[in-house]
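The lines below spell out each chain.
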Amino acid sequence: MPFADLDAIIAGFRAMQSGWGKGTTPAKMRADYQAWCERFSDDRIASITRVSAGGVPADQIEAAGAATSRVVLYLHGGGYSLGSARAYRGLGKRIAYAAQARVVIPDYRLAPEHVFPAAVEDAVASYRWLLATGVEPGQIAVAGDSAGGGLALALLVSLRDASAPLPACAVLLSPFADLECRGESYTTLAELDPIVSREMGLSMGRAYVGDREPSDPLASPVNAALAGLPPLLIQVGSREVVLDDARAIARQAGHSATLDVWPGMVHVWHLFASALAEGQRAIEEIGSFIQRWAYSSKPRPGQRRIS
């Protein structure tokens with residue numbers, strides 16, 4: 001196990017960030033972030049194959065014994081400029097086991113090379129690919145962390161507004177959903193959050209939207225109408241500057257949303273599940289939520305297929 005506790009994990013993350021000085025290329029940052037994520041692997045048996053999800057390269061993870069007819073479309077984090085399917089294989093495998101589902105992680109296009117709405121377009125293409133392969137909406141859960149959580153929410157809004165079939169449920173982990181970083185928590189929790197800052201959020205948001213407005217509801221989905229969405233599980237740590245993003249989503253989504261604030265946890269602590277018990281417990285709760293709402297082969301009592 002590479003780290004003894006959360007403080008050691010935070011120290012390791014900060015050591016990585018300290019090497020990102022002015023002039024550091026996106027390629028260097030992506031390589032460092034991928035190596036960091038891969039330190040928290042999962043050694044359980046799983047099949048990992050590369051697929052084309054509607055033209056978007058993706059990892060498909062199938063855990064031993066999991067129901068391949070239930071699918072989690074997972075959108076990785078990284079501020080829209082970092083992260084990859086490979087970097088998230090450890091977390092993807094853990095979700096596959098917990099949810100007893102097949103997990104698909106698209107390598108959506110990243111900024112600054114590809115600006116908004118490229119990531120949203122790729123998320124929509126990946127979801128529609130699942131439908132085209134015969135997976136029913138009621139068998140699909142959408143999930144994502146950080147920027148991927150914001151992207152997952154934008155995907156739901158885009159599908160709803162297009163009158164497309166919605167997935168059974170969605171899970172948002174430490175969602176970064178306001179590129180203007182307006183919530184009070186960006187200030188009140190600035191000293192407590194060791195991973196994300198308002199300056200970082202604004203910088204990554206600018207890189208993501210390019211010449212577009214960061215207030216666009218599909219770039220900052222806290223600005224979208226969130227009625228009519230499927231059940232949402234939102235998990236966020238009490239030390240996160242994005243806490244008010246999560247609160248705003250829960251408030252606007254209303255009864256369809258469950259907000260779960262984890263005491264003392266930091267941004268996307270789920271990534272550290274191999275070294276942090278709270279990470280694995282949070283993933284188990286995610287798995288239970290997905291199994292509750294997304295059926296595998298036959299609908300459970302009270303659930304309904306959507307054609």
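Whatever comes next refers back to the structure up there.
## Considering the sheet that holds strand S2 (residues 56-63)
The 8 strands are arranged S1-S2-S4-S3-S5-S6-S7-S8 in an open sheet whose pairing can be described as mixed. Unpaired on one side and paired on the other, strand S1 (46-53) and strand S8 (257-262) mark the two borders of the sheet. If you compare each strand with its neighbour and ignore which way they point, the axes differ by 20° on average. Strand direction decides the pairing type here: strand S3 (residues 67-75) and strand S5 (residues 140-145), joined by 5 bridges, are parallel. Considered in S5, the bridge of Val 71 is made with Ile 140. Sitting on the sheet, helix H5 (residues 147-161) touches S3, S5, strand S6 (169-173) and strand S7 (232-237), and the angle it makes with S5 is about 145°. Its contacts with the sheet place helix H9 (residues 277-293) against S3, S5, S6, S7 and S8, and it is angled at close to 165° to S6.

## Examining the pattern of salt bridges
Applying the stated criterion to the full structure yields 16 salt bridges. For the salt bridge of Arg 86 with Glu 38, the shortest nitrogen-to-oxygen distance reads 3.0 Å. With a gap of 48 residues between them, Arg 86 in the loop between S3 and helix H3 (89-99) and Glu 38 in helix H2 (residues 26-38) connect regions that are remote in the sequence. Residue class for Arg 86 comes out partly exposed when judged on its relative accessible area of 44%. For Asp 122, the salt bridge goes to Arg 109, with nearest N and O atoms at 3.0 Å. Residue Asp 122 is found in helix H4 (residues 118-132), and its partner Arg 109 is found in the loop between strand S4 (101-106) and H4; the two are separated by 13 residues along the sequence. Looking at Asp 122, the relative accessible area reads 8%, which means it is buried. It is possible to trace a salt-bridge network through shared partners that takes in Arg 50, Asp 59, Arg 89 and Asp 107.

## What to know about the environment of Arg 182
Position of Arg 182 among the secondary structure elements: in the loop between S6 and helix H6 (185-188). Residues Arg 182 and Asp 245 lie 63 residues apart in sequence; the distance between their C-alpha atoms is 8.7 Å. Setting aside anything within four residues of it in sequence, one finds Arg 182 in contact with Val 222 and Asn 223. Polar contacts involving the side chain of Arg 182 include one to the side chain of Asp 178, which spans 3.0 Å.

## Let's talk about the pairing of S6
Burial analysis of S6 places 5 of its 5 residues in the buried class, which makes it a mostly covered element. Residues of S6 alternate between two faces, with Cys 169, Val 171 and Leu 173 on one and Ala 170 and Leu 172 on the opposite face, all of them buried. Here S5 runs beside S6; their pairing, made up of 5 bridges, is parallel. In the strand pairing of S6, Asp 145 is matched with Leu 173. Handedness of the β-α-β unit built from S5, H5 and S6 comes out right-handed.

## Some details on the packing of helix H1 (residues 6-18) against H2
Running from amino to carboxyl end, H1 crosses H2 at an angle of 165°, the nearest separation of the two axes being 11 Å. When the axis of H1 is compared with that of H2, the two are roughly antiparallel. You can see that H1 and H2 cross each other, and the crossing is right-handed. Contact with H1, carried on its side by Ile 9, Gly 12, Phe 13 and Met 16, involves Asp 32, Tyr 33 and Trp 36 of H2 and no other residues of that element. Split into classes, the residues belonging to the contact of H1 with H2 amount to 5 nonpolar, 1 polar and 1 charged.

Conventions adopted
Residue numbering note: each chain is counted from 1, following its sequence as written. Totals for whole chains, interfaces and linings use every residue, but because this is a predicted model, local features are given only for residues with pLDDT of at least 70 and side-chain atom pairs only at 80 or more, for both listing and counting. Side-chain descriptors were evaluated using all non-hydrogen atoms of the structure, hydrogens and water having been removed beforehand. In this description, strands pair whenever DSSP reports at least two bridges between them. Helix numbers and strand numbers start at the N terminus; a helix is a DSSP run of H or I with at least 4 residues, a strand a run of E with at least 2. Whenever a helix is involved, its axis is fitted only over the stretch in contact; in every case the axis is a line through C-alpha atoms, and angles between N-to-C directions fall within 0 to 180 degrees. Pairs of residues are marked as contacts when any of their non-hydrogen atoms sit within 4.5 Å. Put simply, a salt bridge is a Lys or Arg side-chain nitrogen that is within 4 Å of an Asp or Glu carboxyl oxygen. In this scheme, a residue with accessible area under 20% of its type's maximum is buried, one over 50% is exposed, and one in between is partly exposed, where area comes from a 1.4 Å probe on protein chains only. Here a polar contact is recorded for every N or O atom pair within 3.5 Å, except that within protein the pair must consist of a potential hydrogen donor and a potential acceptor, and residues adjacent in sequence are included only if both atoms are side-chain atoms. Looking down the strands as they point away from the viewer, one classifies a crossover as right-handed if the path from the first strand across the helix to the second runs clockwise. Note on angle classes: values under 35 degrees are labelled roughly parallel, values over 145 roughly antiparallel, values of 65 to 115 roughly perpendicular, and the remainder oblique. Put simply, a crossing is left-handed when the front helix is turned counterclockwise from the back one by less than a right angle, and right-handed when it is turned clockwise. Only Asp, Glu, Lys and Arg are considered charged, only Ala, Val, Leu, Ile, Met, Phe, Trp, Tyr, Cys and Pro nonpolar, and every remaining residue, Gly among them, polar.

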